[in-house]
Amino acid sequence: MFSHILLNQFKYPGETAKDIAKREKIRRKEKKLTQAELSSRSGVSLASLKRFEQTGEISFVSLLKIAAVLDETEGFEQLFTKKEYGSIQEVIDERNGKYSS
């Protein structure tokens, strides 16, 4: 059952990239920016921005530039950081393969 739950929650990288691109487009429109304006403000080529919104593909540095213009950089600071535990039980559970949601 546990493996079934994990499979249902797992997304392939391409799916995640497309989801991020969709959210970027929504955020861009909320800020009332055209693709050309976001391209100009971020320094990311218009072609790269268009490809990103269509396919989810973009360089990481370009994604950071776009995120900065859209005030969405907070999450990047948390990538690959050490997990902080609230209790010794959380450490024990993780080592025993018990994951909390």
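**Student:** What's the story with the layout of surface pockets in this structure? I'm lost.
**Tutor:** Any empty space left between atoms is shown by rolling a water-sized probe over those atoms. Space inside the largest pocket adds up to approximately 420 Å³. For the largest pocket, the lining is made up of 15 residues, of which Ile20, Arg23, Phe52, Leu63 and Phe76 are closest to its centre. Sorting the residues of the lining of the largest pocket by element identifies α2 (13-30) and α5 (60-69) as the ones contributing at least two each. Looking at the lining of the largest pocket, the element that brings in the most residues is α2, giving five residues. Here the lining of the largest pocket is built from residues that sort into 10 nonpolar, one polar and four charged.

**Student:** When you look at a nonpolar patch on the surface in this model, what are you seeing that I'm missing?
**Tutor:** Taken together, the side chains of Phe60, Leu79 and Phe80 present a nonpolar region at the surface, about 400 Å² in accessible area. Within the fold, Phe60 resides in helix α5. Note on Phe60: relative accessible area 46%, which makes it partly exposed.

**Student:** Is there a simple way to explain the pattern of salt bridges in this structure?
**Tutor:** A side chain of one charge can pair with a side chain of the opposite charge if their charged atoms are brought near each other. Taken as a whole, this structure holds five salt bridges when the rule is applied. Close ionic contact of Glu53 with Arg28 constitutes a salt bridge, the shortest N to O distance being 2.7 Å. Of this pair, Glu53 sits in helix α4 (residues 46-55) while Arg28 sits in helix α2, placing them 25 residues apart in sequence. Glu53 gets classed as buried once you look at its relative accessible area, which sits at 12%. A relative accessible area of 6% places Arg28 in the buried class. Via salt bridges that share partners, Arg27, Glu30 and Glu72 belong to a single interconnected network.

**Student:** What's the story with the packing of helix α3 (residues 35-42) against α4 in this structure? I'm lost.
**Tutor:** It is the contact of α3 with α4, at a shortest axis distance of 9 Å, that shows an interaxial angle of 120°. As far as their axial angle goes, α4 and α3 are oblique. The hand of the α3/α4 crossing is right-handed. Together, Gln35, Ala36, Leu38 and Ser39 of α3 and Leu46, Leu49, Lys50 and Glu53 of α4 make up the contact between the two elements. Among the residues making up the contact of α3 with α4, the classes are represented as four nonpolar, two polar and two charged.

**Student:** Just checking my understanding: could you explain unusual backbone geometry for this structure?
**Tutor:** What you tend to see is this: most non-glycine residues have negative phi, and most peptide bonds are trans. One non-glycine residue, Lys32, lies in the positive phi region at around 55°. Note on placement: Lys32 falls in the loop between α2 and α3. Given a relative accessible area of 70%, Lys32 falls into the exposed group. A positive phi angle, close to 55°, is found at Asp71, a residue other than glycine. One can find Asp71 in the loop between α5 and α6 (88-95).

Reading the values: rules and limits
Residues numbered from 1 in each chain as written. Predicted model: local features only at pLDDT ≥ 70, side-chain atom pairs only at ≥ 80, totals over all residues. Heavy atoms only, no water. 1 Å grid on protein atoms, 1.4 Å probe; cavity = no way out; pocket = protein on both sides within 12 Å on 5 of 7 lines; lining within 4 Å. Points joined across faces, edges and corners; volume = space filled by probe spheres on them. Helix = DSSP H or I, 4+ residues; strand = E, 2+ residues; numbered from the N terminus. Nonpolar A, V, L, I, M, F, W, Y, C, P; charged D, E, K, R; others polar. Patch = residues over 30% accessible without salt bridge, like charges linked within 9 Å, V, L, I, M, F, W, Y side chains within 5 Å. Areas by Shrake-Rupley, 256 points an atom, 1.4 Å probe, with all protein chains shown as cover. Salt bridge = Lys/Arg side-chain N within 4 Å of Asp/Glu carboxyl O. Buried < 20%, exposed > 50% of the residue type's maximum accessible area, 1.4 Å probe, protein only. Axes fitted to C-alpha atoms, helices over the stretch in contact; angles between N-to-C directions. Parallel < 35°, antiparallel > 145°, perpendicular 65-115°, else oblique. Left-handed = near helix turned anticlockwise from the far one by under 90°. Contact = heavy atoms within 4.5 Å.

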